[in-house]
Amino acid sequence: MEVEIADEFGISAYPGLFLLQKGSYEEFTGRRSAAAIADWTRSKIGSALELVNNSDQLQDALGRRGVHSALVATGDAGRQATVKRLAERFRTWGKFIFLAGGLHPRVQLFRGLDELLEGPASASASDEEAEQKLVEFMQAHQLPLFGEVSEENFYHYETSGARGLLWVLFAESGGTPCSSRCRQRAYEQQEALRQVAHSRRDVKVVFADAAAHKDYLLMLGAREFPVFLLQKGTLSAIEVGEIETWALPLESPIRPEAIISWMDQVLPRLGVAA
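Keep in mind that this is a model prediction, so the values were computed, not measured. (Residues numbered from 1 in each chain as written. Predicted model: local features only at pLDDT ≥ 70, side-chain atom pairs only at ≥ 80, totals over all residues. Heavy atoms only, no water.)

Draft legend 1. How the structure looks around the sheet that holds strand β12 (residues 244-249). An order of β8-β10-β9-β11-β12 is seen for the five strands of this open sheet, with the pairing classed as mixed. Bordering the open sheet on either side are β8 (146-148) and β12, each of which pairs with just one other strand. Between one strand axis and the next, the sheet turns by 25° as a mean value, whatever way the strands run. Contacts between helix α7 (residues 182-199) and the sheet are confined to β8, β9 (164-169), β10 (203-207) and β11 (227-232), with β10 contributing the most and set at about 165° to the helix. (Pairing = 2+ DSSP bridges. Helix = DSSP H or I, 4+ residues; strand = E, 2+ residues; numbered from the N terminus. Axes fitted to C-alpha atoms, helices over the stretch in contact; angles between N-to-C directions. Contact = heavy atoms within 4.5 Å.)

Draft legend 2. Fine view of helix α5 (residues 128-140). Between the first and last C-alpha of α5 there are 18 Å, a value that for 13 residues agrees with the 18 Å anticipated at 1.5 Å per step. For α5, every residue scored as buried is listed here: A130, E131, L134, V135, F137 and M138. Down the axis, α5 shows its buried residues gathered within 160° of arc, on one side only. Away from its buried face by more than 90 degrees, α5 exposes E128, E129 and A140. (Expected span 1.5 Å × (residues − 1). Buried < 20%, exposed > 50% of the residue type's maximum accessible area, 1.4 Å probe, protein only. Arc of directions from axis to C-beta.)

Draft legend 3. The arrangement of the packing of aromatic side chains in detail. Applying the stated criterion across every chain yields a total of six aromatic pairs. Geometrically, the ring pair formed by W93 and F96 is tilted, given 5.3 Å between the ring centres and 45° between the ring planes. Of the residues examined, W93 reaches a relative accessible area of 6% and is grouped as buried. Residue F96 is classed as buried on the basis of its relative accessible area of 2%. Seen in terms of ring centroids, F154 and Y216 are 5.8 Å apart; in terms of plane orientation they differ by 75°. Their pairing is edge-to-face. Within this pair, whereas F154 is found in helix α6 (residues 154-158), its partner Y216 is found in helix α8 (residues 214-220), the two being separated by 62 residues in sequence. The two residues F154 and Y216 agree in class, both being buried. Among the aromatic side chains, those forming a connected cluster through ring pairs are F154, W167 and Y216. (Phe/Tyr/Trp six-rings, centres within 6.5 Å; stacked < 30°, edge-to-face > 60°.)

Draft legend 4. Spotlight on the packing of helix α4 (residues 77-89) against α5. Where α4 meets α5, the closest approach of the two axes is 11 Å, and the angle between their N-to-C directions is 45°. As summarised for this structure, α4 and α5 are arranged oblique, according to the angle between their axes. Crossing handedness for the pair α4 and α5: right-handed. Seen from α4, the contacting residues are T82, R85, L86 and R89; seen from α5, they are E131, L134, V135 and M138. Residues that form the contact of α4 with α5 fall into these classes: four nonpolar, one polar and three charged. (Parallel < 35°, antiparallel > 145°, perpendicular 65-115°, else oblique. Left-handed = near helix turned anticlockwise from the far one by under 90°. Nonpolar A, V, L, I, M, F, W, Y, C, P; charged D, E, K, R; others polar.)

Draft legend 5. Spotlight on the nonpolar core. Of all hydrophobic cores here, the largest spans 24 residues; its most connected members are F146, L166, V168, V205, F228 and M263. The leading source of residues in this core is α7, at six residues. When neighbours within four sequence positions are excluded, F228 is seen to be in contact with L166, W167, V168, L193, W246, A247, L248, P249, L250, I254, I259 and W262. V149, A171, L220 and L229 belong to the second-largest nonpolar core, a separate cluster that totals 18 residues. (Core = buried A, V, L, I, M, F, W, Y, C linked by side-chain atoms within 4.5 Å.)

Draft legend 6. Highlighting the sheet that holds strand β5 (residues 95-99). The five strands lie next to each other as β3-β5-β4-β6-β7, forming an open sheet whose pairing is mixed. What marks the edges here is a single partner per strand, and that holds for β3 (49-52) and β7 (115-118). Going across the sheet, the axis of each strand differs from the next one's by a mean of 25°, ignoring polarity.

Draft legend 7. Representation of unusual backbone geometry. Geometrically, the link from F225 to P226 is a cis peptide bond, its omega value of 0° lying close to zero. Across the junction of S252 and P253, the peptide omega takes the value 0°, indicating a cis bond. Locating P253 in the fold gives a position in the loop between β12 and α10 (256-266).

Draft legend 8. Inspection of the environment of Q142 at higher detail. By the secondary structure assignment, Q142 is in the loop between α5 and β8. Given the relative accessible area of 13%, Q142 is considered buried. Distance in space between the C-alpha atoms of Q142 and Y157 is 9.9 Å, their sequence separation being 15 residues. Those residues in contact with Q142 that lie beyond four places of it in its chain are S69, W93, R111 and H156. Among the polar contacts listed, one links the side chain of Q142 to the backbone oxygen of W93, at a separation of 2.8 Å. Separated by 3.2 Å, the side chains of Q142 and H156 make a polar contact. (Polar contact = N/O pair within 3.5 Å; in protein donor to acceptor, adjacent residues only side chain to side chain.)

Below you can see the structure in the form of structure tokens.
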């Protein structure tokens, strides 16, 4: 009925989700699930910094971070103001959490399945140099050594400067693309896959819900599961037909040295330091 409004928004398919605020609008293009929609909405409106008062609330907040990294800070009011500024400035970076009542300033970065990094702890409201160090820490360590990729965070991998992605694609029984147990299998194999990622810093090592993203993976050449799929380039390279991929059967247990040797053969390092 509202043809003119549909034309104004450029709606060509249904259903469509748009966020309108401050005279502009943006379409939601992520995974159509309640959690993904809520996460996207929170990243766009309201407070960018989540305040928690105890460890139980902190664990609950971390449990809702999904595929995103989370920066957790403690300290005084000056530290809180600093982290709030950064949260507003870098809304799409991930989650920002401030734990009230901390006696000492501290910054921790939670990323991937269970990776934890300690960050610079000296930033205050008046210390611009220390605040810049915190920004540099966030930008340098946003992506995990081995983590899950989906619509919510694929942009970060696209813009990371990596030469490509190593997809670790698990399978259900019968060789069908993995869905329900992907994360559990990633947990089971994460130590070996982190070794691969640590050796090849020019390639990001990821896993995904292969059933949910089957169409994209088919474009990459995934035909059988489980499999390692090495992708050179990014999604934009697919659109212009310049992407290259190589497949290697995924055998258990995973042998990091064998995977690294295979990657070095098909995608030489080009002088990138490990």
